[in-house]
Amino acid sequence: MDVPADVRETYISNYLAATRSTGRLMLFACDQKVEHLNADFYGEGIDPADNNPEHFFRIASQGCCGVLAGQRGLIAHYAASYPQLNYLVKMNSKTNLVKTAQSDPYSGMLYDLDDILLMRDAGVNVVGLGYTVYLGSDYEASMLSEAGALIARAHAEGLLVVLWVYPRGAAVKAEKDPALIAGAAGVALCLGADFVKVNPPKVDGDAHASARALAIASEAAGRCGLVCAGGSTVDARSFLEQLHDQIHVGHALGNATGRNIHQRSLDEAVRLTKAISALTLADASVDEAVAIYEGRKEFSIE
Amino acid sequence: MDVPADVRETYISNYLAATRSTGRLMLFACDQKVEHLNADFYGEGIDPADNNPEHFFRIASQGCCGVLAGQRGLIAHYAASYPQLNYLVKMNSKTNLVKTAQSDPYSGMLYDLDDILLMRDAGVNVVGLGYTVYLGSDYEASMLSEAGALIARAHAEGLLVVLWVYPRGAAVKAEKDPALIAGAAGVALCLGADFVKVNPPKVDGDAHASARALAIASEAAGRCGLVCAGGSTVDARSFLEQLHDQIHVGHALGNATGRNIHQRSLDEAVRLTKAISALTLADASVDEAVAIYEGRKEFSIE
Amino acid sequence: MDVPADVRETYISNYLAATRSTGRLMLFACDQKVEHLNADFYGEGIDPADNNPEHFFRIASQGCCGVLAGQRGLIAHYAASYPQLNYLVKMNSKTNLVKTAQSDPYSGMLYDLDDILLMRDAGVNVVGLGYTVYLGSDYEASMLSEAGALIARAHAEGLLVVLWVYPRGAAVKAEKDPALIAGAAGVALCLGADFVKVNPPKVDGDAHASARALAIASEAAGRCGLVCAGGSTVDARSFLEQLHDQIHVGHALGNATGRNIHQRSLDEAVRLTKAISALTLADASVDEAVAIYEGRKEFSIE
Amino acid sequence: MDVPADVRETYISNYLAATRSTGRLMLFACDQKVEHLNADFYGEGIDPADNNPEHFFRIASQGCCGVLAGQRGLIAHYAASYPQLNYLVKMNSKTNLVKTAQSDPYSGMLYDLDDILLMRDAGVNVVGLGYTVYLGSDYEASMLSEAGALIARAHAEGLLVVLWVYPRGAAVKAEKDPALIAGAAGVALCLGADFVKVNPPKVDGDAHASARALAIASEAAGRCGLVCAGGSTVDARSFLEQLHDQIHVGHALGNATGRNIHQRSLDEAVRLTKAISALTLADASVDEAVAIYEGRKEFSIE
Amino acid sequence: MDVPADVRETYISNYLAATRSTGRLMLFACDQKVEHLNADFYGEGIDPADNNPEHFFRIASQGCCGVLAGQRGLIAHYAASYPQLNYLVKMNSKTNLVKTAQSDPYSGMLYDLDDILLMRDAGVNVVGLGYTVYLGSDYEASMLSEAGALIARAHAEGLLVVLWVYPRGAAVKAEKDPALIAGAAGVALCLGADFVKVNPPKVDGDAHASARALAIASEAAGRCGLVCAGGSTVDARSFLEQLHDQIHVGHALGNATGRNIHQRSLDEAVRLTKAISALTLADASVDEAVAIYEGRKEFSIE
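None of these values were measured; they are calculated from a predicted model.

## Notes on the relation of the copies chain E and chain A
With an RMSD of 0.0 Å, chain E superimposes on chain A once it is rotated by 72° and translated 0.0 Å along the axis. Here the transformation between the copies is reduced to the relation of a five-fold axis. Of the C-alpha atoms belonging to chain E, the one lying closest to the rotation axis is found on Ser142 of chain E, 11 Å away.

## Some remarks on the interface of chain D and chain E
With 40 residues of chain D at the interface, the matching set in chain E holds 38 residues. When chain D packs against chain E, the two sides together hide about 3,000 Å² of surface, and 61% of this comes from carbon and sulfur. Contact with chain E buries area across many residues of chain D, yet Met1, Cys190 and Arg223 of chain D alone supply 26% of it, more than any other trio. Our enumeration of links across chain D and chain E arrives at four salt bridges. Where Glu54 of chain E meets Arg223 of chain D, a salt bridge forms, and the shortest distance between an N and an O atom there is 3.3 Å. Linking chain D to chain E there are 17 residue pairs in polar contact (both at pLDDT 80 or more). Contributions of two or more residues to the side of chain D that touches chain E are made by helix 6 (140-156), helix 7 (178-191) and helix 8 (207-220) of chain D. Counted by class, the side of chain D that touches chain E contains 24 nonpolar, eight polar and eight charged residues.

## Structural notes on the packing of aromatic side chains
Applying the stated criterion across every chain, the model contains 45 aromatic pairs over all chains. Consider the rings of Tyr15 of chain B and Phe195 of chain B, whose centres lie 6.1 Å apart with planes at 15°: the pair is stacked. In this pair, Tyr15 of chain B is assigned in helix 1 (residues 8-18) and Phe195 of chain B in strand 6 (residues 195-198), connecting sequence segments 180 residues apart. Of the residues examined, Phe195 of chain B reaches a relative accessible area of 1% and is grouped as buried. Between the aromatic rings of Phe57 of chain B and Tyr87 of chain B, the centroid separation amounts to 6.3 Å while the plane-to-plane angle is 50°, which identifies the pairing as tilted. In this pair, Phe57 of chain B is assigned in helix 3 (residues 54-62) and Tyr87 of chain B in strand 3 (residues 87-90), connecting sequence segments 30 residues apart. Here Phe57 of chain B falls in the buried class, since its relative accessible area comes to 0%. Residue Tyr87 of chain B is classed as buried on the basis of its relative accessible area of 0%. Every member of this aromatic cluster is reached through a ring pair, and the members are Phe57, Tyr78, Tyr82 and Tyr87 of chain A. The cationic tip of Arg72 of chain B hangs over the ring face of Tyr111 of chain B; the distance from NZ or CZ to the ring centre is 6.0 Å.

## Digging into the arrangement of the chains
At their nearest point, the C-alpha atoms of chain B and chain E are still 19 Å apart, with no contact between the two. With no contact formed, the shortest span from any C-alpha in chain C to any C-alpha in chain E equals 19 Å.

## Describing the interface of chain E and chain A
Contact residues are listed per partner, giving 40 residues for chain E and 38 residues for chain A. Seen at the junction of chain E and chain A, the total is four salt bridges. For the pair chain E and chain A, the interface holds 17 residue pairs in polar contact (both at pLDDT 80 or more). For the side of chain E that touches chain A, the secondary structure elements donating two or more residues are helix 6 (140-156), helix 7 (178-191) and helix 8 (207-220) of chain E. Sorting elements by how many residues they give to the side of chain E that touches chain A places helix 6 of chain E first, with 10 residues. Residue composition of the side of chain E that touches chain A, grouped by class: 24 nonpolar, eight polar and eight charged.

Rules used in this analysis
- Residues numbered from 1 in each chain as written.
- Chains lettered and ligands numbered in written order.
- Predicted model: local features only at pLDDT ≥ 70, side-chain atom pairs only at ≥ 80, totals over all residues.
- Heavy atoms only, no water.
- Least-squares fit on C-alpha atoms with pLDDT ≥ 70 in both.
- Contact = heavy atoms within 4.5 Å.
- Buried area = accessible area lost by both parts, 1.4 Å probe.
- Salt bridge = Lys/Arg side-chain N within 4 Å of Asp/Glu carboxyl O.
- Polar contact = N/O pair within 3.5 Å; in protein donor to acceptor, adjacent residues only side chain to side chain.
- Helix = DSSP H or I, 4+ residues; strand = E, 2+ residues; numbered from the N terminus.
- Nonpolar A, V, L, I, M, F, W, Y, C, P; charged D, E, K, R; others polar.
- Phe/Tyr/Trp six-rings, centres within 6.5 Å; stacked < 30°, edge-to-face > 60°.
- Buried < 20%, exposed > 50% of the residue type's maximum accessible area, 1.4 Å probe, protein only.
- Lys NZ or Arg CZ within 6 Å of the ring centre and 35° of its normal.

Printed below as a string of structure tokens:
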């Protein structure tokens, strides 16, 4: 209801593009070059291809994802070569140099919405925006304000908004406490986000119980779709099983995956995006998804 | 006098809608998903229906209230399905993660008035705005400034403003001290609010004496109507008795109730909104209101 | 010289209205509902009428003053009923909850000049603005900046500005030191204020010496008129004697009085405003003023 | 090169007026009523005339100076009576109440450039602006930013800018260290100032050596003219000798003098401005300048 | 892709001018008069000519460089005399008075982009902008925001942007750690910079290993060109060898050199800029570059 009539068509078209007309979101998270500096891209256990930022774009264009999420500059540098991708511009970011023990996290807006609209006008296929809020931080108020205003204005321009909402700061003892994750989902709803990305709630030693806890959070998010962060790289089957649970037990409306994809070689990463998309967008089973990942089965979407 | 001639009609119409033409306000407080995260909506003693945010809207549309108060995004997500409700947009909010012992409270503006006007233009029935001020906080100046400017601009657009005014912070020893509550009411008047929501003053162990203390605050509020926050859930009769005292002894011009309503099942909550409205808007007695709550008596307004 | 030619007539007319064409200012200070909360309006030694904010307006309309100074919202709520008064809008205010021992004082702008102009356009008789600066506070720079810009823009709109200038903060040992008061007066001049309201300088145990010290401050204020704050309520004769000294020994160009007026009953307060005005605006003697206060002599202006 | 073609004539005319067509600046510093409150204007060793701020204007109009530098309000109050003077508006100022030991100095912008342009449009002969930067303060970044933007915009309006650059703050051990003064001069150049006012560098016990150290700073200032602050009042001959050294040994392009002038009686002050101007603008010798000061020789400039 | 179609020609022309049509950047860093005050320009081991800021411009006009980088004011003062140079305006700067041990570094924007555009309109040949970000500082968020927005707007005006990215602050233990430098390069890419200036990574006691580590950073920078800061003055051959390694082993796309050039006499400095340019822009060998530096060989570019 906050999308004006004259941009509703744009909004719907962006929504359909981002969700591949399924209402579910497969978000390829490529914003870690700021958040984690080069540690996610070079070193032991990481394919050497990942040190070149073009790796993101090669994966996304040969593989299958809903949106490629990254900072404005990253997208500006490569979008001319990869014009067909759906881009989601991450509006704020911080490095991990200052730890929470030193000071509570604040991730500031890196540019204005106008700067993104200009890029869209220049032909970049921007379908949405992302913003991170650290609930419970001393700087919570600044981030809630920036997020709330951003969503209102983005909708007025026909763009989707995905909020990353993470409880973090001296006041937060257990960042993945189920009640807290459900609260985070509710905050995103109240700010008007289309999707909220949260860390999966953690219930002691039981992944399935975590997925059930996730269902509470998904309900608390109401009409705001909930997706989980993918976390650090694990073996593909475990990853796909966990995602299947998130969707079918936890009622997640998709996934947001970064390292699990881009730390692999191009070929392997491409296959993994297809497996994830099959599972997220086409209700494939875990076995089918694993078969796609292992190259034993084809998958494409259009 | 700060409503320009050309919007006075809009203002009056919003005022009459919000008060159901009675001059008294029945405000259904649905802003706690940010303030209290999910703790008010899921857990022991709370009806399971409350975890789904649509619960608010179902109650308000089947029951009876003056305005549904919530954040912009919450309203934006559901207003298309519930177009007939009167909405009051809460302009600022904070979570309860950072406690006053850690730092004084600040609740920042979540979006601009322009963002709300845009939503109104898109057809959402916004009749007013809400804003919380923590008097005595280290950040008092910021909140007074934001509130003062908001009221001036809201009136210029024909919108009502309700201020939530709570003394809180290291400098505040007794948040419900009667003199402080009366002072809070006067501050709201000086800023130009239409209504002020305060915590009921607390006089040791005597609810009736509290209502008399409230009468001092109501007088100090002058032409700004005073309503009390409903607080945590209690049994319905106690709640209605207390509200009756607030209105008939304390000269409150209505009520602002959240948890006492939405933590109940849909059916029970609907009946309670009617009981409250009967008491607030139609001068029903406590017994009549209880009868309405218990389904032994009908009530509707219009 | 900073009033543009096309608004000079408005400025002069406001100046004459505020000073009743005498060049002296009788300012009725009604801004304490924020500054002192309800403590100045309800309690021992205060007439019960003072708890109702309309008391201010009844006194001013039945009595005699140059301007009624209060916050925008207070004026907006009552100006329709009291359209003939000259209003001076206090632009900033703070409560007294946070003490100087906790942190240095900052009083923030509560609304923009534009908000006031809108109210003036809607028919409220606003002749000027007020702003408080705490010299020596850690936040001095913010207040000097806000005051300096306010004066420039107010003059450009034909409005007078009265600055309240109080040295206060950890760095200030003696707030009423004569040299400091003279300095405060000079700061107001340098910012371009029309009048400066200061606390009367305090010379140990000698009211007359204080008035002579005030003369130094008045001279240091140059073309900016100096008036003294009235302080807490004392008996009427003492008050009038002190004021007579301020004007005739201290060369004050008027007075700024609040509690001494509004804490009395309507009738008594009305007579006191006449006594003060006789002394300030018509060079009455103390005895004549006391006679007016006691109802033994009539006084009116215009 | 940052003065647009269409205002270059205004700029040149202001430059010639301020420097009396000599390229050297005689700046009469009248901004101390904020900086030093009333201590520079009233008390032992200060002529009683100095307590009245009009003293500045009488001296400048009867004597001889390049520009009278003061805050906007001071100039606005008197410019109508003294229209022929060249005014330089000091854009920021702070009082000396908060000492550096309590917190690092910050001097905030007191009004916007637009406010000054309005005053110029109203007929006040404003030829330039002044701004103080405390290098090494915790607030250095704010002042550098304000100064840098001010200079760009002032030049775009044809106004000169003089920067007062003083190293000060917890990080600064020796405020008059020659290398630091030379650095301060270079910063002013890099910000684009026309003139920089610094404290004369101090070389242990040797005024002449200080003047030679000043030559290094003057060279480091490049195309930005350097002038020295006059400091506290000393006997006239010493003052004039020191100034002669600054110009002829230290290559200063003028002087900025306040207390040494205005703390004297009108007559004496007028003669001192002439002596200073003779020395600064007309290359008079110290003896000639002393003769002018002592009234044994005439001096005027046109 | 963030350069609008109608300014793409300007952007390309600026890019070609700055890189002398080679894609490599030879940046002459003249911004140290703020960063290091006068210590880099006067004293032992520094040619006396360096105290006069015109030295920069004489070197650049007689020698050979891609862009002269300096603050707006410095360029404004001399550009009329040296109109043919390519200027890169450094947008932020701080002095070195406050040490990191006292507080984390923040370098604030000194003027707006509009101020630079005005100067460009007035005829100054501005081809690009520079901005410094201190990653890991408590003020990182402010600098990332300013940089991100600056790049978007600069590109919209056809200007290049070079980011200086230095990890620094209490949270940073080893400023030249190879992983950190690679991360810094990635941040610049994500913000959209055209070039990033980093400190060369430091691998214990082995310059060649450092150059190999630099290659990782260059790859991590993706389509953002990487250049290294020149550091303090060393003998010319060592300097040129190190630069040759940076380019041919470390894949640096140029260099950014200040002190190594301007601390020498005019003649020597001119020859060094030619040697550096030969090496950077024309793939000269170290021996050829040394021969040019020693005047045994000619070099010019056009």
